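Results of the structural survey
What follows is each chain in one-letter form.
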Amino acid sequence: MDAIRENLQRIRDRIRNACGRADRDPGSVRLIAVSKTVAPERIRQAAAVGLNVFGENYVQEALGKMDSLGDLNLEWHFIGHLQTNKVRQAVPHFHWIQTVDRVKLAREIDRRAEALGKSMPVLLQVHLGGEETKAGVDPEDLPDLFEEVSRMSCLEVRGLMTLPPYLEDPEEVRPYFRQLRRLLEVLRDRASEPERLTELSMGMSHDFEVAIEEGATMVRVGTALFGPRLS
Ligand SMILES: *Cc1c(COP(=O)(O)O)cnc(C)c1O
């Protein structure tokens, strides 16, 4: 509990300092606690010290945790690779889906959300170089994906997300963050409601300060908060 509290304090200091350098309001950056592989008891401890937004990568794992934490008022973001056949289980329980990268997936989310009478906020995941992950839409295909998804009545596209290659020096990641921001600006120029398109989910434990300097509105932080993952 104390470790999480101290880690959180350090992260908030880092966020505040990065916002200071970028002349931004720290309230404009949402901290998403990435809780994959983290046991529900530790998520409960994180909630007790003030965190209420969590990111999970695997539907099955997440549903189990949500069940045991159902008495808390938490917001859950899906940040992993989403298989179309898992959408039915994910849509009722997640508040955001950050990893929409293909029309087929978007259609399925839209269909399931409609059946539940809900509207699902989503981010489009963009693939920016690096071979570590193939997930994400290529930048040149982003405008078409955006056009298609924008027409779906139960999806709300709120912005972009990326998982850039892991580079030791966070400064080397900066061009990727900058590119995502530019891509969002291009979409806003062609959007019918640009004021709805505000989110940039980018930056993890070792590089979120640079992401904030480049405009991140959501940072996804796991190890800096919970410590190293065992797997
Ligand atoms: C695991 C993960 C994170 C958190 O990474 P850390 O380096 O532990 O902060 C962020 N985003 C995604 C998509 C992840 O899978």
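Residues numbered from 1 in each chain as written. Predicted model: local features only at pLDDT ≥ 70, side-chain atom pairs only at ≥ 80, totals over all residues. Heavy atoms only, no water.

**Here we look at the site of the ligand**
Taken together, 13 residues lie around the ligand, and Lys36, Asn57, Ser205, Arg220 and Gly222 are the ones closest in. One of the side-chain N or O atoms of Arg220 is found 2.8 Å from a nitrogen atom in the ligand. Against a free-state accessible area of 390 Å², the protein chains account for coverage of 91% of the ligand. For the shell around the ligand, a count of residues per class yields 6 nonpolar, 4 polar and 3 charged. (Near = heavy atom within 4 Å. Polar contact = N/O pair within 3.5 Å; in protein donor to acceptor, adjacent residues only side chain to side chain. Areas by Shrake-Rupley, 256 points an atom, 1.4 Å probe, with all protein chains shown as cover. Nonpolar A, V, L, I, M, F, W, Y, C, P; charged D, E, K, R; others polar.)

**Regarding the UniProt feature "modified residue: N6-(pyridoxal phosphate)lysine" (unreviewed entry) in the protein chain**
The UniProt entry lists Lys36 under the feature "modified residue: N6-(pyridoxal phosphate)lysine" (unreviewed entry), expressed in the numbering used here. Mapped onto the elements of the fold, Lys36 is located in the loop between β1 (30-34) and α2 (40-48). For Lys36, a relative accessible area of 18% puts it in the buried group. What Lys36 contacts, discounting residues up to four positions off in sequence, is Gly55, Glu56, Asn57, Glu61, Lys65 and Arg229. (UniProt positions renumbered as here; feature names shortened; annotations may be inferred. Helix = DSSP H or I, 4+ residues; strand = E, 2+ residues; numbered from the N terminus. Buried < 20%, exposed > 50% of the residue type's maximum accessible area, 1.4 Å probe, protein only. Contact = heavy atoms within 4.5 Å.)

**Concerning the packing of aromatic side chains**
A full pass over the atoms with the stated rule returns 2 aromatic pairs. The interplanar angle of 40° and the centroid separation of 5.7 Å between the aromatic rings of Phe54 and Trp76 together place this pair among those described as tilted. Of the two residues, Phe54 is situated in strand β2 (residues 53-56) and Trp76 in strand β3 (residues 75-78); the sequence distance between them amounts to 22 residues. Residue classification places Phe54 among the buried positions, given a relative accessible area of 0%. For Trp76, a relative accessible area of 6% corresponds to the buried category. Ring centres of Phe78 and Phe94 lie 5.3 Å apart, and the angle between their planes is 85°; this geometry places the pair in the edge-to-face category. (Phe/Tyr/Trp six-rings, centres within 6.5 Å; stacked < 30°, edge-to-face > 60°.)

**Examining the pattern of salt bridges**
Opposite charge on two side chains permits pairing when their charged atoms draw close. Tallied over the full model, the rule gives 21 salt bridges. Between Glu213 and Arg21 there is a salt bridge, and its shortest N-O distance comes to 2.7 Å. Taken together, the positions of Glu213 in helix α8 (residues 208-213) and Arg21 in helix α1 (residues 2-22) put the pair 192 residues apart, joining distant regions of the chain. According to the relative accessible area criterion, Glu213 is partly exposed, its value standing at 23%. According to the relative accessible area criterion, Arg21 is exposed, its value standing at 53%. The salt bridge involving Arg174 is made with Glu214; its shortest N-O contact spans 2.9 Å. Of the two residues, Arg174 sits in helix α7 (residues 174-190) while Glu214 sits in the loop between α8 and β8 (218-221), which places them 40 residues apart along the sequence. Exposure class is identical for Arg174 and Glu214. Each is buried. Each member of the salt-bridge network shares a partner with another, and the members are Arg21, Glu171, Arg174, Arg178, Arg181, Glu185, Glu213 and Glu214. (Salt bridge = Lys/Arg side-chain N within 4 Å of Asp/Glu carboxyl O.)

**Regarding α1**
Its 21 residues give α1 an end-to-end C-alpha distance of 30 Å, which sits within 8% of 30 Å, the value for a rise of 1.5 Å per residue. Within α1 the residues assigned to the buried category are Ile4, Asn7, Leu8, Ile11, Ile15, Ala18 and Cys19. The buried residues of α1 occupy one face: seen down the axis, they fall within an arc of 110°. Away from the buried face of α1 by more than 90 degrees, exposed residues Gln9, Arg10, Gly20 and Arg21 are located. Its buried side turned inward, α1 meets β1, α2, α8, β8 and α9 (223-226). (Expected span 1.5 Å × (residues − 1). Arc of directions from axis to C-beta.)

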